[in-house]
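# Fold and geometry: a report
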Amino acid sequence: SPGDYQLGNNGGRVIAHNTFSACSRKWFDYVVDEMDNSEDDNRRNLQRKTPLEIMNESKGEMLDPKKCTAWMKNRAHDGDLFSQEGGWSTIHIETPTISFHVEYHQDRGNCNSHSIDAWISKISPVLLKDEWQGVLGETRKPKFYPNGEQVTSERSYLLTGEDDRDYEVNGPFGKTFAAQKKSPEFSSS
């Protein structure tokens, strides 16, 4: 259920709340946390920020920052961030070394469907040095246009799969997907 949860002794936390489309974030690449703090410092920093402060930090990536800012001000005034109803849910998962942003959306319009988007939002330099595999591995290394300019947002250059369905697995425990067969970036694990 919605709330602000501490992750035991690793110093992380999970913040889960319902929201609406204006506060949904655009997909973006992760930020490398260049700070040379110890994990203890990172743990303390995670605990100091309120959920609304964490939301406010990312308003530049939101679909409609102006509308969302007004919504956040109402939540702060009314103290009801965790009691909102809605078809959109946002989950922030933060640890001292990596953070994830997850969005879940229910669509009860023409077709009863659900979508979930999840991505790394922040990573430590230590984890950045590790080898990545799978879907994350496909976008891990920079890609360049023929003129040498880095590709930052054009899906047809960034991803092997031409459509989202190329990354869909065949069930909740599925491990294979169409794009996996098209790209040397994917591990055969």
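In what follows, the structure referred to is the one given above.
These numbers come from a predicted model, not from an experiment.

Analysis parameters
The residue numbers shown here count from 1 along each chain, following its written sequence. Residues qualify for local features only when their pLDDT is at least 70, as the model is predicted, and side-chain atom pairs are given and counted only at 80 or more; totals for whole chains, interfaces and linings, by contrast, use all residues. Only heavy atoms go into the side-chain values, all of them from the structure, while hydrogens and water stay out. Per the convention used, a helix needs a DSSP run of H or I reaching at least four residues, while a strand needs a run of E reaching at least two, with both numbered from the N terminus. Relative accessibility decides the category of a residue: with a 1.4 Å probe and only protein chains considered, values under 20% of the type maximum give buried, values over 50% give exposed, and everything between is partly exposed. All accessible areas in this document rest on Shrake-Rupley with a 1.4 Å probe, and a residue is counted as covered only by the protein chains that are shown. In what follows, salt bridge is the name for a side-chain nitrogen of Lys or Arg lying within 4 Å of a carboxyl oxygen of Asp or Glu. With a 1 Å grid spanning the protein atoms alone, the term cavity applies to any set of points in which a 1.4 Å probe fits but cannot get out, the term pocket to an open set with protein on both sides within 12 Å along at least five of seven lines, and the term lining residue to any residue with an atom within 4 Å of a point. Grid points are joined across faces, edges and corners, and a volume is the space filled by probe spheres set on the points. We call Asp, Glu, Lys and Arg charged. Ala, Val, Leu, Ile, Met, Phe, Trp, Tyr, Cys and Pro are nonpolar, and the rest, Gly among them, are polar. By this rule, a helix spans an expected 1.5 Å times one less than how many residues it contains. Working definition: the arc comes from the directions between the helix axis and the C-beta atoms, pointing outward to the latter. A contact between two residues is defined here by any heavy atoms of the two lying within 4.5 Å. One requirement defines pairing of two strands: DSSP has to find at least two bridges between them.

Our focus in this paragraph is the overall build of the chain. Along its length, the chain carries 7 helices and 6 strands. Ordered by position from N to C terminus, the α and β elements of the chain give β-β-β-α-α-α-β-β-β-α-α-α-α. Expressed as a percentage of its 189 residues, the buried residues of the chain come to 33%. Here the chain displays about 12200 Å² of accessible surface, and carbon together with sulfur accounts for 51% of that area.

Further remarks concern the pattern of salt bridges. Oppositely charged side chains may form a pair once their charged atoms are brought near each other. This structure, assessed with the given rule, holds 3 salt bridges. Across the salt bridge formed by Arg-13 and Asp-4, the nearest N and O atoms sit 2.6 Å from each other. On the accessibility criterion, Arg-13 (2% relative accessible area) is buried. As a salt-bridge pair, Asp-80 and Arg-75 come within 2.6 Å of each other at their nearest N and O atoms. By the burial criterion, Asp-80 is buried, and Arg-75 matches it. What emerges from the salt-bridge pattern is a single network uniting Arg-75, Asp-78 and Asp-80.

In this section: empty space enclosed by the protein. Rolled over the atoms, a probe with the dimensions of a water molecule shows which regions are left empty. Tallying each qualifying case throughout the model produces 1 cavity of 30 Å³ or more. Looking at the largest cavity, its volume works out to about 40 Å³. As for the largest cavity, its lining consists of His-17, Thr-19, Cys-23, Arg-25, Met-55, Ser-58, Met-62, Thr-90, His-92 and His-101. The residue makeup of the lining of the largest cavity, split by class, is 3 nonpolar, 6 polar and 1 charged.

Right, let's get into helix 3 (residues 65–78). The end-to-end C-alpha distance of helix 3, which contains 14 residues, comes to 20 Å, matching closely the 20 Å that a straight helix rising 1.5 Å per residue would cover. Three or more residues of helix 3 are buried, namely Cys-68, Thr-69, Trp-71, Met-72 and Arg-75. Here the buried residues of helix 3 occupy an arc of 165° about the axis, which is enough to place them on one side. Along helix 3, exposed side chains directed more than 90 degrees from the buried face belong to Lys-66, Lys-67, Lys-73 and His-77. Tucked inside the fold, the buried residues of helix 3 contact strand 2 (12–19) and helix 2 (51–57). Positive phi shows up at Gly-79, right after helix 3, with a value of about 60°.

Another aspect to go through is the pairing of strand 2. The element strand 2 is largely enclosed, with a buried count of 8 among its 8 residues. Of the two faces of strand 2, the one lined by Gly-12, Val-14, Ala-16 and Asn-18 and the one lined by Arg-13, Ile-15, His-17 and Thr-19 are each fully buried. Connecting strand 1 (residues 3–7) to the next strand, strand 2, in antiparallel fashion are 4 residues, including Gly-8 with a positive phi near 50°. The sheet contact formed by strand 2 and strand 4 (residues 88–94) spans 7 bridges and is antiparallel. Bridge pairing in strand 4 places Thr-19 opposite Trp-88.

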